[in-house]
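Topology and contacts: notes
What follows is the residue order along each chain.
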Amino acid sequence: MTNIQSSAVVAETEGPLVPPEPGAATKARPAWRSLNFGPRLWVSAGLILLITLLAFVGPLFYPYAPDQKVGSLYDSPSAEHILGTENFGYDTLAVLMSSTRNSLINGLLAGTLAVFIGVTIGILAGYVGGWLEELLMGFTNIVLAIPSIVILILISISLQSTDIPFLKGIVGLALVIGITSWPWTARAVRAQASSVGTREHIDVAKLSGARTPGILLFDVLPYLASYVVMAWVLQLASAILAESTLSMLGLGPSGTNSLGMQLHWALAFQAVATGAWWAFLPPTIVLTLISFGLLYLQSSLDEVFNPRLRRGKKKNLAAAAARRAENARKLAEQNEREEVTA
Amino acid sequence: MGLKRYLANKTLWYLGALAVAVVLNFLLPRLIPGNPVDVLVSKLGQGGMSSEAQKQTYEAFLREFGLDKSLWDQFVLYITGALHGNFGASFSFYPTPVSSLIEQSVPYTLALQLPAIILGWIIGNVLGAVAAYKGGSWDKSVFTTSLVFSSIPYYCLSIVLLFVFAVTLGWFPVGGAYSLGMSPEWSWDFFSDALTYWWLPFISLLLINIGGQAVGMRSMAIYELGSDYVNYSRSLGIGDGKMTRYIFNNAMLPQITGLALSIGTMVGGALITELVFNYPGMGSLLFGAISSSDYPVVQAVTLIITVAVLVANYLVEILYGFIDPRIRAAKSGEK
Amino acid sequence: MSGVLMRATNVTAVYAADSGKDVPAVDNVTLEVPDGQILGLAGESGCGKSTLGNALAMIANPPLYVVAGKMEIGEETIDLSTLAKGANEVHRGYRGATVSLLPQGAMNAVSPTLRIRNLVVDVMRAHKRDTTKEEALDRATDRLKMLEMPTRVLDQYAHQLSGGMKQRMVTVVSTLLNPQLLIADEPTSALDVSSQKALIEMLLAMVEKKIMRGVIFITHDLPVLSMVTDRLAIMYAGKIVENGPTEELVNNARHPYTSALLSSVLDPTEETRTKHVLGIPGSPPNLGNPPSGCRFHPRCKFAMDECSATEPSFLYERDHAVACWWANKHAFETVPMEVNQA
């Protein structure tokens, strides 16, 4: 969080020492092209894409439906059912695809909601300041201190006993997760927003008569964009994990699949103890891959936006060092010759 | 900000958070449409009870749990009860008091979490600092491994470890906290037996905590490596060992507040870990209570978790106040 | 080496750019500091003056590499190159004891969790391992008393000191071991006027008391330089273009760049009152691909054919050296100040 600010300072002080290539300016490349997307970013983005394909495109080509009884409790994997059947006799792969889809949808809804609330509160508090900031941040800090899992459990229990099916499903769960997980985004965005708020272009906007909402939207938010994207990626991951935590506790979406529900049933029907690995390993692996992929994506985005965190690649370093040593040797020879002639 | 003001400020905030948490904890379960006793009695009804007997039981339960009183009276009862460690009786194990159920499970949870959090924090920070300072392949391997572990959900790692090391390899017992035929007591036999059950869930929590802390410490330390004081100390001829100490001292401070923020997540993750290992701590108790709609137990467990997390956070932040010289040794007027 | 405290020859330092290419920021520079004198090093930002300072202070750190250079100071001859294995450890012994740095950002020069007294002890022990705490603190206390500074600062943390006090404290720490040469890198640029004055007076007093035997004062603040220094060296695009006694160089600039630099400064005298301030047209060159011949020629009003073809070598007129084709043809002539009369 602090790194974004600090690297901006560094860029300012180090900038003039190595002037940019003249070509970069004249060719007028779009700004994003100058960002250095490392291989890690592609790996993580590819991973996420792969899982998304599994969830949304996979079911179109797979012959079994997730609610189609094709066998009995924990049939071993066979040519027909690659991942066997789970505890209700459904095809595990079919259930896995529908679970992944629901978990992703849940994550997307909840994560977006959380980022929306967090950014709104953070920008308002950071830019407007004064009593509004005190109030909003006081509220945020209190919510932040209370473990969110507890609030999640308590709200979900209440929702479980409602008669509204909408609230019991994926959407209801996403709502609950979204409205409980915004605080840290709000806190972090506030810090960024209040530093952006002191920059000169804001004064210019104010002097030219722009209203506060306009300034927030056009002069503050764009400067936080990279930050908001990273926060969103993290919120996606944490929402997906929150869903599976609740599901494992038996508070998951009723009547539908999710990665957490799949694990819940696997544990309830002793899949681990009986060695039915096909019932619990697939959702475990997909959850891990989603979580790892998103966190990896976030950390590589962090390096793209924060060059200071980037470490040189070893191969390039070695090649450059060899070239440098060679040049140094030549220089030394030349200097020696000059000394002799002088 | 002086130390006194810092302490007063933090105390006030945490008291506020505690108040909000207690009210939420009281109110949220009461938002349940109908009445928790309905659920309980309808369950009893399935056991073949006459409707007259059902009605009597219903009223007895209403009185027992104070649900016939006004919301405010209920709240006062709830607070005074909680302060005396009295959380009423469990629905499922009626008339066992909730407090005795909790007394049985707290030691297991503490035995798992305290060492996992503290050791994880220490090992993770040392690893992260060394990775940042050494750079190169050291950094690469430590960072990647830590990132992998920090992003694996607690229960996923637990499931994999349980399957590989307990079910397949048979190195550890499959779930539970002690062998059949043993009963919890202060004896060497019991402890050595319980220890074999403790290892696997403990390692599972520890690995993830180490990973998370190491990733955080590494980026803090890289940030510190570029700071002016490192450059200046170098220009004075101060050696690498001393400089690592400076960097560690500074990078550690945000890691302490980081610990305060992550305790909640760690505790939440650990609850599910207990579930996977069938470890009889607060997590398993909570799970059982949720599936049997045992509201008094759910409410008591969530309250205790909340209070424990708040107290832990508070202690960490107080400790921070004593450690950070910018708070400890601030003098007014000299800035 | 009578009369000369330090002679640095053929110093070349490069920045390793992300592209893998090395950008020379200091290009084959030779520089002398006379015994007991203060040498000013001036130039636009990015000209390499701070990089040269870092090379001489032996604190080049990746991505900066010193690829060649030799420094004779006192009885010692030091290889400045940072490429050789173990160079860092060799240089460490000289840092702070033989050549010391007074850094630009004294604000954050001391670790925020370190008391000044502990830094003092660490510095002394870094060069003499068996120094006791009492010895180190006695020395620091004596030095503070000698410079009429309060001794209580030793017990404080950096954040408890004011900006000016912090900068003077850092100066005391930098010179604790009586280094032969002090390299002051923009020491006054972050200070208010009265703190600037106090610091400069302290530096002058230290030279007089022979705490150090020479100072290189790096700044773009020409008025400060003309007040403090005995000699001035002007740097442009990684090279020194002119070097001479301060008074002579200011009144009798021989290089068009020096002249332009001087005329861009407001000098509160009667005749300059009616002049327009002249900037220097164009911007500093890209060091990755510097102009041929004299690096200043694309911006120079006096550029001739040979300027873009061949690099000028130094012309020595008594103790005033200049590398310029125009000066070669106009011996002892001052570059005509182009002045627009208002």
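Residues numbered from 1 in each chain as written. Chains lettered and ligands numbered in written order. Predicted model: local features only at pLDDT ≥ 70, side-chain atom pairs only at ≥ 80, totals over all residues.

Observations regarding the overall build of chain C
Helix and strand counts for chain C come out as 11 helices and 12 strands. The globule rule puts the C-alpha radius of gyration for 342 residues at 20 Å, and the 21 Å found for chain C is close to it. Dimensions of chain C along its principal axes, counting C-alpha atoms only, are 65 × 50 × 40 Å. Restricting the contact set of chain C to residue pairs at least 6 apart, pairs at least 24 apart contribute 66%. (Helix = DSSP H or I, 4+ residues; strand = E, 2+ residues; numbered from the N terminus. Rg over C-alpha atoms; globule rule 2.2 N^0.38 Å. Contact = placed C-beta atoms within 7 Å.)

Some points on the packing of helix H6 (residues 130–145) of chain A against helix H10 (residues 183–197) of chain A
Residue and element names in this part refer to chain A. Running from amino to carboxyl end, H6 crosses H10 at an angle of 140°, the nearest separation of the two axes being 9 Å. Viewed along their axes, H6 and H10 adopt a mutual orientation that is oblique. Between H6 and H10 lies a crossing of left-handed hand. Contact residues: Met 137, Thr 140, Val 143 and Leu 144 in H6; Pro 183, Trp 184, Ala 186, Arg 187 and Arg 190 in H10. In terms of residue class, the contact of H6 with H10 is made up of six nonpolar, one polar and two charged. (Axes fitted to C-alpha atoms, helices over the stretch in contact; angles between N-to-C directions. Parallel < 35°, antiparallel > 145°, perpendicular 65-115°, else oblique. Left-handed = near helix turned anticlockwise from the far one by under 90°. Nonpolar A, V, L, I, M, F, W, Y, C, P; charged D, E, K, R; others polar.)

Quick look at the interface of chain B and chain A
Each partner contributes residues to the interface: chain B has 51 residues there, and chain A has 46 residues. Contributing elements (two or more residues each) for the side of chain B that touches chain A: helix H1 (3–30), helix H6 (136–151), helix H7 (154–168), helix H8 (188–225), helix H10 (240–277), helix H11 (282–291) and helix H12 (295–323) of chain B. Broken down by element, the side of chain B that touches chain A gets its largest block of residues, 10 residues, from H1 of chain B. Residue composition of the side of chain B that touches chain A, grouped by class: 36 nonpolar, 14 polar and one charged.

What about the nonpolar core?
Val 301 of chain B together with Ala 13 and Ile 216 of chain C are the most contacted members of the largest nonpolar core, which has 280 residues in total. Take this core: its biggest share by element is 17 residues, from helix H12 (residues 212–248) of chain A. Setting aside residues up to four positions removed in sequence, Ala 13 of chain C forms contacts with Ala 25, Val 26, Thr 51, Ala 55, Ala 60, Leu 64, Tyr 65, Val 66 and Val 67 of chain C. (Core = buried A, V, L, I, M, F, W, Y, C linked by C-beta atoms within 7 Å. Buried ≥ 20, exposed ≤ 12 C-beta atoms within 10 Å, placed from the backbone.)

Quick notes on the pairing of strand E7 (residues 181–185) of chain C
Residue and element names in this part refer to chain C. With five of five residues buried, E7 is to be regarded as a mostly interior element. Residues Leu 181, Ile 183 and Asp 185 of E7 are buried on one face, and the alternating residues Leu 182 and Ala 184, pointing to the opposite face, are buried as well. Bridge count between strand E6 (residues 99–102) and E7: four bridges; the pairing is parallel. Pairing of Leu 102 across the sheet is with Ala 184, part of E7. In terms of strand pairing, E7 meets strand E8 (residues 214–218) through five bridges, oriented parallel. (Pairing = 2+ DSSP bridges.)

Remarks on the confidence of the model for chain C
Looking at chain C, pLDDT values average 84 and 92% of them are 70 or higher. On the interface metric, ipTM, the complex scores 0.85, and its pTM is 0.75. (pLDDT = per-residue confidence, 0-100.)

Thoughts on the pairing of strand E10 (residues 239–245) of chain C
Residues and elements named next belong to chain C. Of all seven residues making up E10, six are buried, and the element is well covered by its neighbours. Relative to E10, strand E9 (residues 231–236) is paired through six bridges, and the arrangement is antiparallel. When the sheet's bridge partners are listed, Tyr 236 is paired in E10 with Lys 239. A loop of two residues connects E9 with E10, the two strands running antiparallel in sequence, and Ala 237 in this loop sits at a positive phi of about 50°. As paired strands, E10 and strand E12 (residues 320–322) are joined by two bridges and run antiparallel to one another. Bridge pairing in E12 places Asn 243 opposite Ala 321.

Here's the deal with unusual backbone geometry
Residues and elements named next belong to chain C. A positive phi angle, near 60°, is found at Met 58, a position not held by glycine. Looking at the element boundaries, Met 58 is found in the loop between helix H1 (49–56) and strand E4 (64–73). Notably, Lys 210 is not glycine yet its phi reads approximately 60°, a positive angle. With respect to the secondary-structure elements, Lys 210 resides in the loop between helix H6 (193–208) and E8.

So, the sheet that holds E8 of chain C
All names here are of chain C. With respect to topology, eight strands assemble into an open sheet ordered E6-E7-E8-E3-E9-E10-E12-E11, the strand pairing being mixed. The sheet terminates laterally at E6 and strand E11 (315–317), the two strands that pair on one side only. On average, each strand axis in the sheet is inclined to that of its neighbour by 20°, with strand direction left out of account. Alignment of strand E3 (residues 38–42) against E8, held across four bridges, turns out to be parallel.

Side note on the sheet that holds E4 of chain C
Residue and element names in this part refer to chain C. Strand order in the open sheet made by the four strands is E2-E1-E4-E5, with antiparallel pairing throughout. Either end of the sheet is taken by a strand with one partner, and the two such strands are strand E2 (22–34) and strand E5 (76–79). Averaged over all adjacent pairs, the angle separating strand axes in this sheet is 5°, with direction ignored. Here strand E1 (residues 4–16) runs beside E2; their pairing, made up of nine bridges, is antiparallel. Within E2, the position partnered with Tyr 15 by the bridge is Val 23.

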